[in-house]
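Chain by chain, the residues run as shown.
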Amino acid sequence: MNRRDFARLLAIGGAAPFLSPGVAWPRSLDLPPTPASPDEKFWLSVRDQFVMPKELTMLNAANLCPSSGPVLETMYRMTKDMDQDPSQDNRVKLGDGRENTRTLLAQFLRVTPEEIVITRNTSESNNLVSTGLDLKAGDEVLLTADNHPSNHTAWQEKAKRFGFTVKDVPTPNPHPGMEYYVDAFAKAITPRTKVISFTHQTSTVGDLFPAKELCRLARERGILSMVDGAQSFGLLDVDLSDIQPDFYSGSSHKWICGPKENGVLYISKSAQSKISASIFSAYPGRVGVSRTFEGFGQRDEPTMIAFGEALTLQTKIGRSVIEKRSRDLTQALLAGLRKVDGLKIWTSQEASRTAAVVSFQPGNLDVRKLAAALYQKERIGCATRGGQDRPGIRLSPHFYNTHADIDRTVAAIRKYMATGV
Ligand SMILES: Cc1ncc(COP(=O)(O)O)c(C=O)c1O
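The notes below deal with the structure included here. (Residues numbered from 1 in each chain as written. Predicted model: local features only at pLDDT ≥ 70, side-chain atom pairs only at ≥ 80, totals over all residues. Heavy atoms only, no water.)

Core analysis: the biggest nonpolar cluster contains 63 residues, and L109, F233, I317 and F399 have the highest contact counts within it. Sorting elements by how many residues they give to this core places helix α11 (residues 301-317) first, with seven residues. Once you skip the residues sitting within four places of it in the chain, F399 turns out to touch W43, V46, F50, W255, C257, Q314, I317, I322, R325 and S326. (Core = buried A, V, L, I, M, F, W, Y, C linked by side-chain atoms within 4.5 Å. Buried < 20%, exposed > 50% of the residue type's maximum accessible area, 1.4 Å probe, protein only. Helix = DSSP H or I, 4+ residues; strand = E, 2+ residues; numbered from the N terminus. Contact = heavy atoms within 4.5 Å.)

For strand β10 (residues 358-362), a buried count of four out of five residues is recorded, marking the element as mostly surrounded by other parts of the structure. Here strand β9 (residues 343-345) runs beside β10; their pairing, made up of three bridges, is antiparallel. When the bridges of β10 are listed, K344 appears paired with Q361. Relative to strand β13 (residues 392-395), β10 runs antiparallel, the two being bridged by three bridges. Along β13, the bridge assignment pairs S359 with R394. (Pairing = 2+ DSSP bridges.)

The strand order β2-β8-β7-β6-β5-β3-β4 describes an open sheet built from seven strands, whose pairing is mixed. Each edge of the open sheet is held by one strand with a lone partner, namely β2 (116-119) and β4 (165-169). Going across the sheet, the axis of each strand differs from the next one's by a mean of 20°, ignoring polarity. Pairing between strand β6 (residues 224-228) and strand β7 (residues 247-251): three bridges, direction parallel. Note that in β7 the partner of V227 across the bridge is Y248. (Axes fitted to C-alpha atoms, helices over the stretch in contact; angles between N-to-C directions.)

By themselves these figures say nothing about function.
Quick look at the structure:
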């Protein structure tokens, strides 16, 4: 870090006399206002908000996103503030900051702060729902077949314990279209169905589900609806006042690019009387459902405040602009991959059925070796998918990626498909 960078860092949080070079990062340059038609130059200035080295192309947002510089700075500044003066008096303002994050989350999801619980991740949010509902023998929960364990195994395990049953609606590949799912759920519902739960966008191949229509169907039949938003929160311009689920979950460390171990659980006002809290301890939130659902004991409030900074950065850039950018990059990636001989692409070729997760099988190439070559030789980060279910490579572009990243990635995959790894 050069002297100028270090001076900038100091300017962030006042003097930092024992800050060692090498444990900090240069401050990001200010982000310019989003132009009416954002070009690559603008997106490069967004990329500059992140501390990843310039040569690194990360295409793994579905798993873990980097926090931006402003988020890291807030974490650093607030943690330092707390540890310089860990008194009760000083910590009151951290509680205010946590409530500010709740307000930002409510604005972001277009609901009220009284309906927001700040959890530790999507897994916790999903499990608070499946444990907290009063379900018993004779009740039925309807799931899409392709869910994360926190929204699938969790329901199955609780069904064993509490005696209710779980039924899957099949998820054929390729994505059969939105109408298929509305129809399949309508047919699968019985008088016993009490909950419908599905993933907004699947982490496996990026299938999108008709969230609004499925939630409406549930509402019309007096059924509760839960949307696992791990793969939509911070990617899609999610409007819960429009989708109207009873529960929605998300993680801070994925598409929203916030700190690790923060998450959100939305519980609609009308569902709040139908669910009980499963964790009781000190230090709950101050408003609405957070007063009963957010008492998890001592929290890391500096990171909860930094979570708010991540929401602010995305809001500043523009939610719909971010969604469009990630979708455009994904479509460019799919167009490039379609021209590479020998790939079996699992992700839907219909742009409206997917958002920003692309999975494919690279012919007979060893997936682990290919991922290692991509990362070590080309500096391209991806995820691998093992097992029998649509195995291969998963790429998930986000707003910190550029079209140059996409071109480089397609070229590298083409090269290894031609030469082997
Ligand atoms: C659809 C879905 N739900 C839930 C999760 C769990 O997220 P977390 O590890 O943040 O709890 C994931 C993680 O990849 C996911 O893809």
